[in-house]
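Residue-level structural notes
Take a look at the letters that make up each chain.
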Amino acid sequence: MIVLVVCGVLALAGVVGVAVWGGIDLRSPAVGASDPTAQHAASVSPIPVRSARVPTGLRRFAWWATVVTVTGTVSGLLMAGAGGRLVMRVLALTSPPAAGRITEAQARVGDITVNGTFAFLVFGALPGAFLSAILYVVIHRWLPRGRLGGVIFGLLLLALFATTLDPLRADNIDFDIVGPGWLAVLLFSVVVILHGMLVAAFAGWYSGRLPPPTRRTWPAYSPLLAAVVYFPLGLVLLAAAILTLIGCALIPAAPRWWTSDALIRAGRIALLALGVVSIPGVIGSVTSIMTR
């Protein structure tokens, strides 16, 4: 009971976060403004020399990596983790004959334990939350501004990943155990969409409060230590840091190209195309779950 109460409080906090912060757009870091090296290089040349590009690029990466780490942790804990756990409990209650049966994740239906919840959070909710935070940071410029952007991002997560990975994967044997199917589809869809909205809302709020990385503001970047503890996140951030280092050293115009109007238009077209292409798969997966 205590676990369910805690999950309920956390999920409610996530909904409140969506309501309060949903209209805040993600802001880019003002690293150059606080970086004397970058300011000097920009005054000499519109494309900074490599000696200035690399440290400035790494500072920007540290800022984005911290936004991703904190946003992924918060959204994974409040919505993907707590919200997903609550949905599992509801489906267990609506399926009395399934009590005691073993799920795909080797859990026992009806048992809500601290260890089981922790395992679900670490191996299920957090990896998806970190990936969704990374995806949002990459494509946020291609989404509409304000609350609509969060809604569309949630719908994209539902269309592109929920039915191919989890939680609405058609070949998941859990839907043969618990149900009804329509309720599972409804509840998990709500959680996925709310998760996407929370990612957008919290990233927007937090981006306005994270200072540029300097010698004085380094404590604000302590969340990056989570990458040391949580190996999958650390591996992803390490790979991204290496790519950032190489890109800053070899491609002077990369930041300009990445924020160009042409790429934004192309990205929006790509997202629309991906959404349209995914519709048949979503319909097939939802139909399969609801007809069991």
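Residues numbered from 1 in each chain as written. Predicted model: local features only at pLDDT ≥ 70, side-chain atom pairs only at ≥ 80, totals over all residues. Heavy atoms only, no water.

A short note on helix α4 (residues 114-139)
Compared with the 38 Å implied by 1.5 Å per residue over 26 residues, the 35 Å span of α4 between its first and last C-alpha is a close match. Taking the largest bend as the criterion, α4 deviates by roughly 40°, centred on Leu 121. Inspection of α4 places Thr 117, Leu 121, Val 122, Ala 125, Leu 126, Ala 129, Phe 130, Ser 132, Ala 133, Tyr 136, Val 137 and Ile 139 among the buried residues, and these make up the whole buried set. The N-capping residue of α4, defined by a side-chain oxygen 3.0 Å from the backbone nitrogen of Gly 116, is Thr 113. (Helix = DSSP H or I, 4+ residues; strand = E, 2+ residues; numbered from the N terminus. Expected span 1.5 Å × (residues − 1). Bend = angle between axes of the 7 residues up to and from the residue. Buried < 20%, exposed > 50% of the residue type's maximum accessible area, 1.4 Å probe, protein only. Polar contact = N/O pair within 3.5 Å; in protein donor to acceptor, adjacent residues only side chain to side chain.)

As for the packing of aromatic side chains
Scanning the model with the defined rule gives 8 aromatic pairs in all. Ring geometry for Tyr 136 against Phe 153: centres 5.1 Å apart, planes inclined by 65°, an arrangement best described as edge-to-face. One end of the pair, Tyr 136, is in helix α4; the other, Phe 153, is in helix α5 (residues 147-162), with 17 residues separating them in the sequence. For Tyr 136, a relative accessible area of 8% gives the class buried. (Phe/Tyr/Trp six-rings, centres within 6.5 Å; stacked < 30°, edge-to-face > 60°.)

Things to note about the confidence of the model for the protein chain
In this model, the protein chain carries an average pLDDT of 88, and 90% of its residues clear a pLDDT of 70 or more. Within the protein chain, the lowest mean pLDDT, 39, falls on helix α2 (residues 36-44), and the highest, 97, falls on helix α6 (residues 181-207). Here residues 33-48 is a poorly scored stretch, pLDDT under 50, and it has 16 contacts once near neighbours within four places are set aside; other chains count. (pLDDT = per-residue confidence, 0-100. Contact = heavy atoms within 4.5 Å.)

Section: a nonpolar patch on the surface
Taken together, the side chains of Leu 58, Leu 238, Ile 242, Leu 245, Ile 246, Leu 250 and Ile 251 define a hydrophobic patch exposed on the protein surface, amounting to about 630 Å² of accessible area. In terms of residue count, the dominant contributor to the nonpolar patch is helix α8 (residues 231-250) (5 residues). Here Ile 242 is to be found in helix α8. The exposure class of Ile 242 is partly exposed, given its relative accessible area of 44%. (Patch = residues over 30% accessible without salt bridge, like charges linked within 9 Å, V, L, I, M, F, W, Y side chains within 5 Å. Areas by Shrake-Rupley, 256 points an atom, 1.4 Å probe, with all protein chains shown as cover. Salt bridge = Lys/Arg side-chain N within 4 Å of Asp/Glu carboxyl O.)

So, the packing of α6 against helix α10 (residues 261-290)
α10 packs onto α6 with a crossing angle of 135° between their chain directions and a minimal axis gap of 7 Å. Accordingly, the angle class assigned to the pair α6 and α10 is oblique. In this structure, α6 contributes Gly 181, Trp 182 and Val 185 to the contact, and α10 contributes Val 286, Ile 289 and Met 290. Looking at side-chain class alone, the contact of α6 with α10 contains 5 nonpolar, 1 polar and no charged residues. (Axes fitted to C-alpha atoms, helices over the stretch in contact; angles between N-to-C directions. Parallel < 35°, antiparallel > 145°, perpendicular 65-115°, else oblique. Nonpolar A, V, L, I, M, F, W, Y, C, P; charged D, E, K, R; others polar.)

Regarding unusual backbone geometry
For the bond running from Asp 166 to Pro 167, omega is 15°, close enough to zero to count as cis. Cis rather than trans, the peptide bond between Gly 179 and Pro 180 has omega equal to 5°. Checked against the element boundaries, Pro 180 lands in the loop between α5 and α6.

Digging into the pattern of salt bridges
Scanning the model with the defined rule gives 5 salt bridges in all. For Arg 145, the salt bridge is made with Asp 25, and the minimal N-O distance between the two is 3.1 Å. A residue pair is termed long-range when its members are at least 10 positions apart, and Arg 145 in the loop between α4 and α5 and Asp 25 in the loop between α1 (2-21) and α2 qualify at 120 residues. You can call Arg 145 exposed: its relative accessible area is 67%. Two residues, Arg 169 and Glu 104, come together in a salt bridge whose shortest N-O distance is 2.7 Å. Of this pair, Arg 169 sits in the loop between α5 and α6 while Glu 104 is found in the loop between α3 (50-93) and α4, placing the two residues 65 residues apart along the sequence. With relative accessibility at 16%, the residue Arg 169 sits in the buried group. One salt-bridge network, held together by shared partners, links Glu 104, Asp 166, Arg 169 and Asp 171.

Notes on the environment of Asp 171
Here Asp 171 is to be found in the loop between α5 and α6. For Asp 171 and Ser 285, which are 114 residues apart along the polypeptide, the C-alpha to C-alpha distance reads 8.5 Å. In this structure, Asp 171 is in contact with Glu 104 and Arg 292, ignoring residues within four places of it in sequence. Polar contacts involving the side chain of Asp 171 include one to the side chain of Arg 169, which spans 2.8 Å.

Brief notes about the packing of α5 against α10
Working note: a packed helix pair is described by the angle between its axes plus the distance between those axes. Following both chains from N to C, one finds α5 and α10 inclined at 55°, their axes separated by 9 Å at the closest point. By the angle between their directions, the pair α5 and α10 is classed as oblique. At the point where α5 passes α10, the crossing takes the left-handed sense. For the pair α5 and α10, the contacting residues are Leu 156, Ala 159 and Leu 160 in the first and Leu 271, Leu 274, Ser 278 and Val 282 in the second. Residues belonging to the contact of α5 with α10 are distributed by class as follows: 6 nonpolar, 1 polar and no charged. (Left-handed = near helix turned anticlockwise from the far one by under 90°.)

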